[in-house]
Structures are given as structure tokens and as C-alpha cells.
Amino acid sequence: MKIGIDSIAFSTSRYFLKLKTLAAHRGVEFEKYSHGIGQIAMSVFPPSEDIVTIAIDAARKAIAQIENIAAIDFLIFATESSFDLSKAAGIYVHHFLKLREDCRVIEIKQACYSATGALQLAKSYVRENHNSKVLVIGSDIVKYSPGSSGEPTQGGAAVAFLVSADPQIMIIEDGSGVHTNDIMDFWRPISESEAQFDGKLSAYNYLKSLDISFNRYLAKTNRNISAIDYVCFHAPFGKMAQKGALQIKWPNPLDDTLLYNSAIGNSCSASLYICLTSLLDHSKAPLENKRVGLYSYGSGSVAEYFSGIIAEKYRSIITPEENQRLLASRKEISFEEYELFCSNSSDSANKTYENSGAVRLKSLENKKRIYVEN
Ligand code: HMG
């Protein structure tokens, strides 16, 4: 039975900061960001936008690409930017999407790996429930301390994809290489809104885990690198993915996979799947029946190397114009506005900002999040 990604869409903030602006205010040469890190901009989120609002926008677009919405009976929300230790963020999505009342909803976490964990879980679920569709959402907003070395690698986005039998975008193959090790390279204690990190250790462990999981994948599947046509890497920043390609001696350019991420920044759980979307949208060569290798890395850490075969129908399902329009229509903000967004001050909360989708976070009432349709 062929199981995999049936439709896919992403969403991000309506606002972005150019890293040229950040570099000028931090006294850093822009080339460090553009060449050293490989990023040109990052999405920045107004107070009315959070992991739920962008998830709803992404999920609405993913669902619009399929016919049988009633088949969705499981929603897995993958995130490390959760704001509630009890209620799953996916329940808000379930409400606004009007999914069936007997649809299971859970939230899962393992840093940027979580959407891949959700994909593998969904695949097993569909194997047991052939007619089901599972809605997987990866939604994250990445925040580091202003002025820290992590600052140019912030960002955020949500990706939503449906996992089903006979998928229209990509068949996920059996056989993957997994590597888990206990390491403090990136973490966010419950009391903190900003992630803590050890940048050099995280880059080292990303590459070491890639080496181990990739070789494990090759051994398990009895393949060698020439059996893989394209590769996508988790991209906390473009240069990290480029270093990943060097690590596994990948000969071809990654450019098509990194176009969206270079403008969005790190979107954690969504990042790998936005790379895949970027490849689908930008590849000039036909991708039907091609094998794509995918490297998922989540600090802390769990890594998995796996692969998929692009389905015959993918061109009729993807939405490159819509994705490119979403990014092209974002509004650039000034450094002062960026500081205002970061401060979470009442000045920014009282202003009206645009959201990407139709749902916005209206207010917090008795610590309850109130979402409304525009
Ligand atoms: P830094 O200390 O500012 O960087 O932090 P640096 O001084 O090492 O410079 C970066 C690169 O720019 C270097 O190139 C410099 O040579 C170059 P490299 O040696 O790496 O090839 N450079 C220049 N190039 C051109 N012109 C110049 C110039 N100056 C310097 N003038 C770092 C950079 C990425 C470490 C920092 O931003 C950081 O710690 N970010 C957060 C952590 C992170 O993203 N880690 C990635 C791996 S872990 C991961 O992917 C998981 C994650 O997504 C979280 C999760 O799983 O949930 C983060």
C-alpha cells in the first residue's frame, strides 16, 4: 500500500525584516548573514498572529486541494512553540476548520523533528485505517534574545499536509535511519519565551547526526547515494543545509529547495517541508517518480533520514503561484517596528496588524486565548 503526502501548503507572517536592516543596527557586515549564514530576511510576527493562526491558514489551503475532507479523522499538531501545557493547539484548528467531531487531535513535540515524527505516526495510522486522512501540521515561531548570535536565524511558519493512501504529492518509502542522543544544543525551559542554545554544538550535532542517520538509511534500504535524485535538509539557515550537503558529499545544488526558507528564516518543524514545497514549486526538471531524500533534525536531539517518491499527479496539486504571492505580498518592517514586535508591549498589542489568514488572536481573557474570524 502506498502512503504519503496527499496535499501540502504553508503560511507565514504578513511581516518580515530584511537581514540587511538587522545587520546595520547590530554593527555586523551584511555578508555575514547573506553568505556566512545564507539568509536574506526573516518573518516577524505581530501580536495577533501565532502558531494557531498560521496553522489554520496553512491547513485551509492544504484542505482546499483535496476532495474528501470528511475522511480526516486524526489531526496531529507538531510544535515546539506551544503556549499551553495541557490543551492541544490543534483543537483551535479543528474548530475553525469544522472538522468532524470524532476526529482525534493531539499535539506532539521534539524540537524541529516533531512534524517528521507526526508524519511517521500518520503513516502507521493510515496503514491500519486505509480510508482515513491524517492532517499533520508543523507550526513554529522561533525567537532568540535580541542581539544574540541566534537573532539572524529567527523566523517562523506553519506547514500543513494530509497523509493518506495513494497520495498525490509524495509516497513515503519504508526504511529510514534514525539517530537519537541526549545533548543540550537548543532548549526552551517552560518559563521562557525565547529559546536557549549552544550554536556551535548544535551545528556540530546536526552534521554528526546526519552522518549517522544517512549511513543507517543507506544500509537499511540497501541503496547508495546515486539512487537519490534530490535532497532536502532541515534548514535552520541556508548555510546549515549547504554544510549538510557537503557532509554527505551531495553533488547537486540545493538552491531550488532553499528559496522559501531564505526569506522566511527558521520555521523549525515546518522547515524541512517548506524545503520540499520549494523544490516542487521551483524545479524546472520534471520530478515525477523521482526519489527525494529528506533529513529531519530536532535539537536535543532526534534525527531521521528518509525518502519519498514524487507522485505522478503532483503538478496538478501544487500551488506555486499562491506560495510565491504569499511571500511577495509580505510587508517589510523597520528595525523600530521589529523591536516593538519583540517587546510584546501594549503599544504593539493596541495597534491593528494584518494577518496572513482569516483568523486572528483577538485577546487573552482570564488567560484564555480568544481567536476570531476577521
Ligand atoms: P555566529 O557565532 O554569529 O557565527 O553564529 P560565526 O561567527 O560562526 O559566523 C557564521 C559564518 O559566517 C561563518 O562561516 C563565518 O566565517 C561567516 P562558517 O565558518 O560557518 O562557514 N562570516 C562571514 N561570511 C562572509 N562575510 C563576513 C562574515 N563574517 C562571518 N563578513 C550561528 C552563527 C548559526 C551559530 C548562530 O546564529 C546560532 O547559534 N543560531 C541558532 C542555532 C542554530 O540555528 N543551529 C543550527 C543547527 S541546530 C538545528 O538545526 C535545530 C534548530 O532548528 C532548533 C530545533 O531543532 O528546534 C535550531
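Computed from a prediction, not measured in an experiment: that's the story for all the values here.

This brings us to the environment of Phe16. Of note, Phe16 is situated in strand S2 (residues 15-18). Looking at Phe16, the relative accessible area reads 13%, which means it is buried. Setting aside residues no more than four positions away along its own chain, Phe16 makes contact with Ala41, Met42, Ser43, Val44, Arg330, Lys331, Glu332 and Ile333.

Near the ligand you find 29 residues, and of these Lys32, Glu80, Ser149, Lys200 and Lys243 are the closest. Within the side chain of His234, one N or O atom sits 2.9 Å away from an oxygen atom of the ligand. Protein coverage of the free-state accessible area of the ligand, which is 1,100 Å², stands at 74%. Contributions of two or more residues to the shell around the ligand are made by helix H2 (30-37), helix H6 (199-221), helix H7 (238-247) and strand S13 (291-298). Of the residues forming the shell around the ligand, the biggest block, five residues, is contributed by H6. Counted by class, the shell around the ligand contains twelve nonpolar, ten polar and seven charged residues.

Quick look at the pairing of S13 now. A regular strand carries its side chains on alternate faces of the sheet. Counting buried positions along S13 yields eight of eight residues, so the element is predominantly enclosed. Bridge count between strand S12 (residues 230-233) and S13: four bridges; the pairing is parallel. The residue of S13 that forms the bridge with Cys232 is Leu294. Of the pairings in the sheet, the one linking S13 to strand S14 (residues 302-310) comprises eight bridges and is antiparallel in character. Considered in S14, the bridge of Leu294 is made with Phe306.

Using a probe with the size of a water molecule, rolled over the atoms, empty space left in the structure can be pinpointed. As a volume, the second largest pocket reaches approximately 760 Å³. Along its surface, the second largest pocket is lined by 32 residues, and Ser149, Thr153, Gly199, Ser202 and Phe237 are the ones closest to its centre. It is H6 that provides the largest number of residues to the lining of the second largest pocket, a total of five residues. Looking at the lining of the second largest pocket, its residues break down into 15 nonpolar, eleven polar and six charged.

So, how was this worked out
Residues numbered from 1 in each chain as written. Predicted model: local features only at pLDDT ≥ 70, side-chain atom pairs only at ≥ 80, totals over all residues. Heavy atoms only, no water. Helix = DSSP H or I, 4+ residues; strand = E, 2+ residues; numbered from the N terminus. Buried < 20%, exposed > 50% of the residue type's maximum accessible area, 1.4 Å probe, protein only. Contact = heavy atoms within 4.5 Å. Near = heavy atom within 4 Å. Polar contact = N/O pair within 3.5 Å; in protein donor to acceptor, adjacent residues only side chain to side chain. Areas by Shrake-Rupley, 256 points an atom, 1.4 Å probe, with all protein chains shown as cover. Nonpolar A, V, L, I, M, F, W, Y, C, P; charged D, E, K, R; others polar. Pairing = 2+ DSSP bridges. 1 Å grid on protein atoms, 1.4 Å probe; cavity = no way out; pocket = protein on both sides within 12 Å on 5 of 7 lines; lining within 4 Å. Points joined across faces, edges and corners; volume = space filled by probe spheres on them.

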